[in-house]
Amino acid sequence: MGNSALRAHVETAQKTGVFQLKDRGLTEFPSELQKLTSNLRTIDLSNNKIESLPPMIIGKFILLKSLSLNNNKLTFLPDELGNLKKLETLSLNNNHLRELPTTFGQLSALKTLSLSGNRLGALPPQLCSLRHLDVVDLSKNQIRSIPDIVGELQVIELNFNQNQISQVSVKISCCPRLKVLRLEENCLELSMLPQSILSDSQICLLAVEGNLFEIKKLRELEGYDKYMERYTATKKKFA
């Protein structure tokens, strides 16, 4: 991509607060953006070949609300990402991430996090510090179990579809705001699904197709009628 074309994008972004440069074969984060650290609210560099984010620049986008780097080649995220105190939406689907930086829990405004199609082997504990997080997509990773810390999450929707999950902590029933839990296409036996999800949680949409049991067996469990009451009430609300 020519310098003049990039300059034009930078000039436009200076006026609009939005920098979008998708499908351009970029191999690195454009250094020209450091001129815009104080006025960019949205950056979308999806569908490129970016392998890393520059630590010296990325943490300076103090007004950034939305960052999208879907379909790149990121293998790690720098600690400086935690400086983005206004960031509300972070989309990093289809990269090569195995973990999140320890500073990730400092993204205090984060509401929506998409990490589908990465190489995460566990639920990142940093997510438990994020009090405004509403939606988390961890589908298509390599997660094998859902640990006790899940009970500390404040999320409304949690997507674990297409992982390798064979164990779910009973603490998932303690999530105070969790309404939607997606566990489709995992390795769950029915005995490994805590019955308290049905009888004693806020969850009103439980998606578990494609596991190691028949859905009709789920309907026979104690507490299923309580779950259906929540499910039906929610459907009526949005009908």
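The model shown is predicted, which means the values in this text are computed figures rather than measured ones.

Draft legend 1. Main features of the overall build of the protein. Counting its regular elements, the protein contains five helices and 11 strands. Along the three orthogonal principal directions, the C-alpha set of the protein runs to about 65 × 30 × 30 Å. When each of the 239 residues of the protein is scored for burial, the buried share is 48%. Considering the protein, the positive charge centre built from 30 side chains and the negative charge centre built from 25 side chains are found 6 Å apart.

Draft legend 2. Examining the nonpolar core more closely. Among the nonpolar cores identified, the biggest contains 69 residues, and Phe61, Leu90, Phe104, Leu127, Phe160 and Leu183 are the most heavily contacted of them. Those elements that provide at least two residues to this core are α1 (3–16), α2 (55–58), α3 (196–199) and α5 (224–238). Residue contributions to this core peak at three residues, all from α1.

Draft legend 3. Representation of the pattern of salt bridges. All told, the structure shown has five salt bridges when counted by the stated rule. Across the pair Arg177 and Asp134 runs a salt bridge whose closest N-O atoms are separated by 2.8 Å. With Arg177 in the loop between β9 (167–168) and β10 (180–182) and Asp134 in the loop between β5 (112–114) and β6 (135–137), this pair connects stretches of sequence that are 43 residues apart. Its relative accessible area of 29% is what places Arg177 among the partly exposed residues.

Draft legend 4. Representation of the sheet that holds strand β8 (residues 157–159) within the structure. Pairing is parallel across the open sheet formed by nine strands, whose spatial order is β1-β2-β3-β4-β5-β6-β8-β10-β11. Each having just a single partner strand, β1 (18–20) and β11 (205–207) make up the two edges of the open sheet. Taken pair by pair, the neighbouring strands of this sheet meet at an average axis angle of 5°, ignoring direction. Relative to strand β4 (residues 89–91), strand β3 (residues 66–68) runs parallel, the two being bridged by three bridges.

Draft legend 5. Structural view of unusual backbone geometry. Non-glycine residue Asn71 carries a positive phi angle of around 55°. Note on placement: Asn71 falls in the loop between β3 and β4. Positive phi values are uncommon outside glycine, yet Glu185 reaches one of about 55°. Inspection of the secondary structure assignment puts Glu185 in the loop between β10 and α3.

Draft legend 6. Local environment of the environment of Arg177. Along the sequence, Arg177 and Gly25 sit 152 residues apart, while their C-alpha atoms lie 40 Å from each other. Separated by 3.1 Å, the side chain of Arg177 and the backbone oxygen of Leu133 make a polar contact. A polar contact is formed between the side chain of Arg177 and the backbone oxygen of Gln154, at a distance of 2.6 Å.

Draft legend 7. Looking closely at the UniProt feature "domain: Disease resistance R13L4/SHOC-2-like LRR" (unreviewed entry) in the protein. Here the UniProt-annotated "domain: Disease resistance R13L4/SHOC-2-like LRR" (unreviewed entry) positions come out as residues 58–116. Across residues 58–116 one finds 2% helix and 15% strand; the C-alpha atoms that close the span lie 22 Å apart.

Draft legend 8. Representation of α5 in the model. Helix length check: α5, at 15 residues, gives a terminal C-alpha distance of 21 Å against a target of 21 Å (1.5 Å per residue), a fit within 8%. Against α3, β11 and α4 (215–218) lie the buried residues of α5.

Draft legend 9. Broad picture of α1. With 14 residues, α1 ought to run about 20 Å at 1.5 Å a step, and its terminal C-alpha atoms sit 20 Å apart, in line with that. Listed in full, the buried residues belonging to α1 are Leu6, Val10 and Ala13. All buried residues of α1 project into a common sector of 60° when viewed along the axis, lining one side. Turned more than 90 degrees away from the buried face of α1, the exposed residues are Ser4 and Lys15. Looking one or two residues beyond α1, the residue adopting positive phi is Gly17, at roughly 80°.

Draft legend 10. Representation of the packing of aromatic side chains within the structure. Taken as a whole and judged by the stated rule, the model has three aromatic pairs. One aromatic cluster in this structure is built from Tyr224, Tyr227 and Tyr231.

Draft legend 11. Geometry of the side chain of Thr37. Within the secondary structure, Thr37 sits in the loop between β1 and β2 (42–44). Relative accessible area serves as the criterion here: at 15%, Thr37 is assigned to the buried category. In this structure the side chain of Thr37 is engaged in a polar contact, spanning 3.5 Å, whose partner is the backbone oxygen of Gln34.

Conventions and cut-offs
Residues numbered from 1 in each chain as written. Predicted model: local features only at pLDDT ≥ 70, side-chain atom pairs only at ≥ 80, totals over all residues. Heavy atoms only, no water. Helix = DSSP H or I, 4+ residues; strand = E, 2+ residues; numbered from the N terminus. Buried < 20%, exposed > 50% of the residue type's maximum accessible area, 1.4 Å probe, protein only. Lys, Arg positive; Asp, Glu negative; His and termini not counted. Charge placed at Lys NZ, Arg CZ, Asp CG, Glu CD. Core = buried A, V, L, I, M, F, W, Y, C linked by side-chain atoms within 4.5 Å. Salt bridge = Lys/Arg side-chain N within 4 Å of Asp/Glu carboxyl O. Pairing = 2+ DSSP bridges. Axes fitted to C-alpha atoms, helices over the stretch in contact; angles between N-to-C directions. Polar contact = N/O pair within 3.5 Å; in protein donor to acceptor, adjacent residues only side chain to side chain. UniProt positions renumbered as here; feature names shortened; annotations may be inferred. Expected span 1.5 Å × (residues − 1). Contact = heavy atoms within 4.5 Å. Arc of directions from axis to C-beta. Phe/Tyr/Trp six-rings, centres within 6.5 Å; stacked < 30°, edge-to-face > 60°.

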